[in-house]
Amino acid sequence: MTERVHARAPGKINVFFQVGAPGADGYHEVASAYQAVSLYEDVWATPDDDVTIEVSGPVELSGVPLDDRNLAVRAARLLAAEIGYDGGVHLQVHKTVPVAGGMGGGSADAAAALVACDALWGAGLPTGELLRLGAELGADVPFALMGGTAVGTGRGDQLSPALARGRFDWVLVVSEEGMSTPEVYAELDEYRAGAAPHIPPTPARPAVQPAVLQAIRQGDARMLAAASDNDLTPAVLRLRPTLDDLIDLGLREDAMTALVSGSGPTVAFLVEGEQAALELQVALSAAGHEALHVHGPVPGARVLPE
Ligand code: ATP
């Protein structure tokens, strides 16, 4: 048996996110354009008797469960059950995606654990099977497997890849304290129930705007900046009002647009290229923010040579 497998999966930015009304089960129908970005989760899988995990990395790790609630552990258990494997695995997870930051870090861990265990246990499941298992683990896991650029509908898990050209440069500002996705959705429902005149109508059928897909297809950052949007933004800003000043600062410093990623609180500034990214990073750092330069799209979860 292979002794150690290293897999890597990317975090994501939702460059467009539209949210419908909640269904009877409380879940919202969404339409999302995902872009995988160069902030990665690494997983090393080695044989063990049970499924065990250790987590390291430069991000705040206190919110990461180390038991069966961890998405990487759940991924390994699900794959083992699927292929009838009764051994275990030790997962060493190195996180660089902020925890509860709206960038799908836990989902990336699950995706990397799936491909790592698939290789370690010699299962060789076809991609379609891994995507199906991923969808059972969480709405963002199939995208972390697929990477690149994709449109997600339903709960975000019905995925189709989108054509993309070129490279988009982002400066991310990560908050130390994450946000709970269910809380953000509840806040959105409350905000929309307010029915003030400036509140946009809730879309009956969420859909990704064609201009977003055209911008991505053409690799046109300016066009993407004009078309990108996230329906969760007002809810995130109500829960975290300090992000308003951060967004204003980034826009004053020449970011083409500021996006809350997913359910926040990570803010992603789209910039024109590497030089612009560096300048924005300097300005944000001077104001006391931790700013990271990433680019997308990048590939999905894959095994790397040791
Ligand atoms: P989502 O928008 O899907 O909630 P996110 O990117 O905002 O994702 P994650 O970092 O994926 O946030 O984690 C959300 C929560 O999931 C955490 O607060 C934690 O309780 C739980 N969790 C389970 N497994 C993991 C994992 N491997 N890494 C981080 N958090 C995990």
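- The name an unreviewed UniProt entry gives the protein chain is 4-diphosphocytidyl-2-C-methyl-D-erythritol kinase, with Microbacterium horticulturae as the organism.
- In the Pathway (unreviewed entry) part of its UniProt record, the protein chain is described as follows: "Isoprenoid biosynthesis; isopentenyl diphosphate biosynthesis via DXP pathway; isopentenyl diphosphate from 1-deoxy-D-xylulose 5-phosphate: step 3/6."
- In its Catalytic activity (unreviewed entry) section, the UniProt entry covering the protein chain states "4-CDP-2-C-methyl-D-erythritol + ATP = 4-CDP-2-C-methyl-D-erythritol 2-phosphate + ADP + H(+)".

**A short note on the overall build of the protein chain**
At step 1: Scanning the protein chain for helices and strands turns up 10 helices and 12 strands.
At step 2: For 306 residues, the compact-globule estimate of 2.2 N^0.38 gives 19 Å, and the protein chain sits close to it at 19 Å.
At step 3: In terms of overall dimensions, the protein chain has C-alpha extents of about 60 × 45 × 35 Å along its principal axes.
At step 4: Put simply, the protein chain has 306 residues, and 48% of those count as buried.
At step 5: Restricting to contacts in the protein chain with at least 6 residues of sequence separation, those with at least 24 account for 76%.

**A word on the environment of Ala-277**
At step 1: Positionally, Ala-277 belongs in helix H10 (residues 274-286).
At step 2: The spacing of Ala-277 and Val-171 is 106 residues in sequence and 6.1 Å in space, taken between C-alpha atoms.
At step 3: With near-sequence residues (within four places) excluded, Ala-277 lies in contact with Asp-169, Val-171, Val-271 and His-293.

**Quick word on the nonpolar core**
At step 1: Ranked by size, the top nonpolar core spans 98 residues in total, and within it Ala-72, Ala-111, Ala-113, Leu-114 and Leu-270 carry the most contacts.
At step 2: Residues in contact with Leu-270, not counting those within four places in the same chain, are Phe-168, Trp-170, Ala-221, Leu-224, Ala-225, Ala-255, Met-256 and Thr-257.

**What about the site of the ligand?**
At step 1: Surveying the vicinity of the ligand reveals 22 residues, the closest of which are Leu-71, Gly-105, Gly-106, Asp-109 and Thr-181.
At step 2: Every element with two or more residues in the shell around the ligand is listed here: helix H1 (71-83) and helix H2 (105-120).
At step 3: Considering every element that reaches the shell around the ligand, the biggest residue donor is H2, with four residues.

**A few points about the UniProt feature "binding site: ATP" (unreviewed entry) in the protein chain**
At step 1: With numbering aligned to this structure, UniProt lists the feature "binding site: ATP" (unreviewed entry) at Pro-98, Val-99, Ala-100, Gly-101, Gly-102, Met-103, Gly-104, Gly-105, Gly-106, Ser-107 and Ala-108.
At step 2: One can find Gly-106 in helix H2.
At step 3: On the basis of neighbour count, Gly-106 is assigned to the buried category, with 28 C-beta atoms found within 10 Å.
At step 4: Locating Ser-107 in the fold gives a position in helix H2.
At step 5: Overall, the presence of 27 C-beta atoms within 10 Å leaves Ser-107 in the buried class.
At step 6: Ignoring anything within four residues of it in the chain, the contact list for Ser-107 reads Leu-71, Gly-138, Asp-140, Val-141 and Ala-144.

Analysis parameters
Residues numbered from 1 in each chain as written. Predicted model: local features only at pLDDT ≥ 70, side-chain atom pairs only at ≥ 80, totals over all residues. UniProt positions renumbered as here; feature names shortened; annotations may be inferred. Helix = DSSP H or I, 4+ residues; strand = E, 2+ residues; numbered from the N terminus. Rg over C-alpha atoms; globule rule 2.2 N^0.38 Å. Buried ≥ 20, exposed ≤ 12 C-beta atoms within 10 Å, placed from the backbone. Contact = placed C-beta atoms within 7 Å. Core = buried A, V, L, I, M, F, W, Y, C linked by C-beta atoms within 7 Å. Near = placed C-beta within 6 Å.

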